[in-house]
Amino acid sequence: MNTDTLIREIFQHTKIFACVGASMNPARPSYYVSEFLQSHGYRVIPINPGTAGKQWLGETVYASLSDIPKSITIDALDVFRRSDAVPEIVRDAHAALPDLKYVWTQLGVISDEAAQLAAQYDFKMVQDRCPKIEIPRLIS
């Protein structure tokens, strides 16, 4: 499956993203990309241990993926962390999110190890892309 086909699939089959590395600072990419996703009808669950328990874009911030209530079905991760942090995030996602289908890493975030883990766990993965660029390019 080519990347554009996978990206279209993600947008068609995802209702809820978890944003790993969510920032409450409106100047940060995780903030405005999540806001953009919300404006396109997606729910975005923020993950950030430094701001856990606070409200962010109308949602409660969780410290980790395992803290997300089981009543919230996460379809996709949008990862705003350094490349070297992504393998552990994929491992955590596998342990905590039984319905997860997709892992997405932002521009400049690439990890071969994370991609291998994602394949092992049957997650489809897009790396080094941004939904704020891809939705207008492929969907709108």
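Treat the numbers as computed from the prediction; the structure is a model and nothing was measured.

What counts, and where the lines are drawn
- Residues numbered from 1 in each chain as written.
- Predicted model: local features only at pLDDT ≥ 70, side-chain atom pairs only at ≥ 80, totals over all residues.
- Heavy atoms only, no water.
- Helix = DSSP H or I, 4+ residues; strand = E, 2+ residues; numbered from the N terminus.
- Rg over C-alpha atoms; globule rule 2.2 N^0.38 Å.
- Buried < 20%, exposed > 50% of the residue type's maximum accessible area, 1.4 Å probe, protein only.
- Contact = heavy atoms within 4.5 Å.
- Areas by Shrake-Rupley, 256 points an atom, 1.4 Å probe, with all protein chains shown as cover.
- Lys, Arg positive; Asp, Glu negative; His and termini not counted.
- Charge placed at Lys NZ, Arg CZ, Asp CG, Glu CD.
- Phe/Tyr/Trp six-rings, centres within 6.5 Å; stacked < 30°, edge-to-face > 60°.
- Pairing = 2+ DSSP bridges.
- Axes fitted to C-alpha atoms, helices over the stretch in contact; angles between N-to-C directions.
- Parallel < 35°, antiparallel > 145°, perpendicular 65-115°, else oblique.
- Nonpolar A, V, L, I, M, F, W, Y, C, P; charged D, E, K, R; others polar.

A. Representation of the overall build of the protein chain in the model. A count of helical and extended segments in the protein chain gives five helices and seven strands. Moving toward the C terminus, one meets the helices and strands of the protein chain in the order α-β-α-β-β-β-β-α-β-α-β-α. Relative to its length of 140 residues, the protein chain is compact, with a C-alpha radius of gyration of 14 Å against a globular reference of 14 Å. Projected onto the principal axes, the alpha-carbon positions of the protein chain cover approximately 40 × 35 × 30 Å. Evaluated residue by residue, the protein chain yields a buried proportion of 49% over its 140 residues. Contacts spanning at least 24 positions in sequence make up 64% of the contacts within the protein chain whose residues lie at least 6 apart. When the accessible surface of the protein chain is summed, it comes to about 6,900 Å², and 48% of that surface belongs to carbon and sulfur atoms. Here the protein chain holds 14 positive side-chain charges and 16 negative ones, and the gap between their average locations is 4 Å.

B. Structural view of the packing of aromatic side chains. Inspection of every chain in the model, using the stated rule, returns five aromatic pairs. With centroids separated by 5.4 Å and ring planes inclined at 80°, the aromatic side chains of Phe17 and Tyr42 adopt a geometry described as edge-to-face. With a gap of 25 residues between them, Phe17 in strand 1 (residues 16–20) and Tyr42 in the loop between helix 2 (29–39) and strand 2 (43–47) connect regions that are remote in the sequence. Using a relative accessible area of 0% as the deciding quantity, one classes Phe17 as buried. Here Tyr31 and Trp56 contribute two aromatic rings whose centre-to-centre distance is 6.1 Å and whose plane-to-plane angle is 85°, an arrangement assigned as edge-to-face.

C. Just the sheet that holds strand 1, in detail. Overall, parallel pairing links the five strands, which are arranged 2-1-5-6-7 in an open sheet. Each edge of the open sheet is held by one strand with a lone partner, namely strand 2 and strand 7 (124–126). When strand polarity is set aside, the average angle formed by the axes of neighbouring strands in this sheet is 20°. Of the strand pairs in this sheet, strand 1 and strand 5 (residues 76–79) are connected by four bridges, and their pairing is parallel. Across the sheet, residue Val20 finds its bridge partner in strand 5, namely Val79.

D. The packing of helix 1 (residues 3–13) against helix 5 (residues 131–139), seen in detail. For the pair helix 1 and helix 5, interaxial distance at closest approach is 11 Å and the crossing angle is 100°. Viewed along their axes, helix 1 and helix 5 adopt a mutual orientation that is roughly perpendicular. Only Pro131, Glu134, Ile135, Arg137, Leu138 and Ile139 of helix 5 make contact with helix 1, whose side of the interface consists of Asp4, Ile7, Arg8 and Phe11. Its residues assigned to classes, the contact of helix 1 with helix 5 comprises six nonpolar, no polar and four charged.

E. Seen up close, the environment of Val44. By secondary structure assignment, the location of Val44 is in strand 2. C-alpha separation for the pair Val44 and Phe17, spaced 27 residues apart in sequence, amounts to 4.8 Å. Ignoring sequence-local partners within four residues, the contact set of Val44 consists of Phe17, Cys19, Ser34, Leu37, Gln38, Trp56 and Glu59.

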